[in-house]
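Each chain, letter by letter, is given below.
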Amino acid sequence: MTLPGGSTPTDRIEDAGQAAFDAVLFLSFGGPENRSEVMPFLENVTRGRGIPRERLDAVAEHYYHFDGVSPINGLNRQMIDALSARLDEVGPRLPIYFGNRNWHPFAEDTVEQMYSDGHRRILVFPTSAWGGYSGCRQYHEDIARAVDALADGHPGLRPQAVVLRKLPQYWDRPEFFAASAAAILAAREELPAEVRGDARLVFTAHSIPISADTTAGPPADGGHLYSRQVARASAAAAAQAGYESYDQVWQSRSGPPSVPWLEPDICDHLDALAAQGVTAVIAAPIGFISDHLEVVWDLDNEAAERAEELGIAYVRAATVGTDPRFIAMIADLIGEYASGAGDLSSLGCGDNGQLCRLGCCAVPARPARPAR
Ligand SMILES: CC1=C(CCC(=O)O)c2cc3nc(cc4[nH]c(cc5[nH]c(cc1n2)c(C)c5CCC(=O)O)c(CCC(=O)O)c4C)C(CCC(=O)O)=C3C
Ligand SMILES: [Fe+2]
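Residues numbered from 1 in each chain as written. Chains lettered and ligands numbered in written order. Predicted model: local features only at pLDDT ≥ 70, side-chain atom pairs only at ≥ 80, totals over all residues. Heavy atoms only, no water.

The protein has the name Coproporphyrin III ferrochelatase in an unreviewed UniProt entry, where Gordonia jinhuaensis is given as its organism. The record in UniProt for the protein states the following under Function (unreviewed entry): "Involved in coproporphyrin-dependent heme b biosynthesis. Catalyzes the insertion of ferrous iron into coproporphyrin III to form Fe-coproporphyrin III." Regarding the protein, the relevant UniProt record gives this comment under Subcellular location (unreviewed entry): "Cytoplasm". (UniProt positions renumbered as here; feature names shortened; annotations may be inferred.)

Listed below in structure tokens is the structure:
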């Protein structure tokens, strides 16, 4: 989209609130694409986080196991292609750009490109469905950083001349539950017929420090927004897959052992299930939308190995990824917000990474970035 003749970007400030959006930023975590990128990537992820060196070395090994290639960027590109096709079909026909927090293409560079392509009103689809610091607030920080970088590169660009609006959390959308339930039923078919009926359904999501969960969401609601959302999503997906009972556990914890994180871990849980005489498990990674490294390593290697040692038949359900229902859901979400009309406060969040107005996701876990 190009600006009308003669107008400068700053002319467009007045339309900040309600005008239609003209592009989509698909905002994700990022991952290395060869061995030499692994350490710099991990340093970006953990900068200032107090993650022990030994943990970083251990995680680097997980990436080296796959020759330093995280599947996440490729999977995101597949989702973007599927989403583009869907938007071409049903509209709105907005171009989709790809940017990341921790690796190339960095969100800052992508937003610069979007700006030079003439885009001024950008809807942001984050690849995390959840509230809380890691799932929501941190994506707002990414947006704020990208907007700051843009302003630094274009002196005179007035605040709000470019608007990035993050789409709402989508963990509770029926299509997400439907795609998750379908994946569970497909995984179930992979189990040997004789144990299929007794298989235990086990949902997993990324663990976070308990302190981060406690401060997630409006304090008036009691915090724990992330773990409550994961619990509700698991319940909904289980019900749709026809399971009356299931378990919900966590995976991929890091940080120093002295800091408590959400438990139980999936591997410890497999031990407990074996002790109860469970013979088959369906692991459903409800916490992730694509098969990135934490899924293919922690679930397909570590948990699968533990299950084998324990004599448990183990299958892992697919993530929602390019499931047409899930892609249609993203397109719907974009369609709902594309006109620019409507109440921003329904998002609970401000544009351009402003602090949440309703405490929708989390209080900042770290001091805010210095004002520019
Ligand atoms: C809630 C949550 C999600 C889901 C929401 C979302 O999708 O955003 C998520 C996603 C992801 N996490 C990922 C990778 C990593 N996460 C780490 C560290 C951490 N994650 C945390 C939480 C989450 N993480 C936390 C509280 C930490 C501790 C340090 C910190 O507060 O940052 C570390 C550092 C090493 C380690 O400690 O494991 C790595 C390498 C990848 C990419 C995988 C790939 O390359 O394919 C993805 C999609
Ligand atoms: Fe993570």
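This paragraph deals with the site of ligand 1. Neighbouring residues of ligand 1: 24 residues in total, closest Arg49, Arg55, Tyr63, Tyr139 and Ser254. Between Leu293 and ligand 1, the recorded distance is 2.7 Å, taken from a backbone N or O atom to an oxygen atom. Protein chains shield 95% of the accessible area of ligand 1, which is 870 Å² for the free molecule. Elements supplying a minimum of two residues to the shell around ligand 1: helix H1 (38–46), helix H2 (53–65), helix H5 (133–153) and helix H11 (293–310). For the shell around ligand 1, the leading source of residues is H1, giving 4 residues. When grouped by side-chain class, the residues that make up the shell around ligand 1 number 14 nonpolar, 7 polar and 3 charged. Composition of the shell around ligand 1 by domain shows at least three residues from each of domain 1 (9–170 + 325–353) and domain 2 (174–316). (Near = heavy atom within 4 Å. Polar contact = N/O pair within 3.5 Å; in protein donor to acceptor, adjacent residues only side chain to side chain. Areas by Shrake-Rupley, 256 points an atom, 1.4 Å probe, with all protein chains shown as cover. Helix = DSSP H or I, 4+ residues; strand = E, 2+ residues; numbered from the N terminus. Nonpolar A, V, L, I, M, F, W, Y, C, P; charged D, E, K, R; others polar. Domains from an automatic or database assignment.)

Another point: the sheet that holds strand S4 (residues 163–166). Spatial ordering of the open sheet is given by S2-S1-S3-S4, a layout of 4 strands whose pairing is parallel. The open sheet has two edge strands, strand S2 (96–100) and S4, and neither has a second partner. Pairwise comparison of adjacent strand axes, ignoring direction, gives a mean angle of 30° for this sheet. Bridge analysis of strand S1 (residues 23–28) against strand S3 (residues 121–126) gives 5 bridges, and the strand direction is parallel. (Pairing = 2+ DSSP bridges. Axes fitted to C-alpha atoms, helices over the stretch in contact; angles between N-to-C directions.)

Okay, the UniProt feature "binding site: Fe-coproporphyrin III" (unreviewed entry) in the protein next. In this structure's numbering, the residues bearing the UniProt feature "binding site: Fe-coproporphyrin III" (unreviewed entry) are Ser70 and Tyr139. Residue position: Ser70 is located in the loop between H2 and helix H3 (72–90). Not counting residues within four places of it along the chain, the set of residues in contact with Ser70 comprises Gly31, Pro32, Tyr63 and Leu293. Along the polypeptide, Tyr139 turns up in helix H5. Discounting chain neighbours no more than four positions away, the residues touching Tyr139 are Leu27, Ser28, Phe29, Arg101, Pro126, Thr127, Ser128, Ser134 and Lys166. (Contact = heavy atoms within 4.5 Å.)

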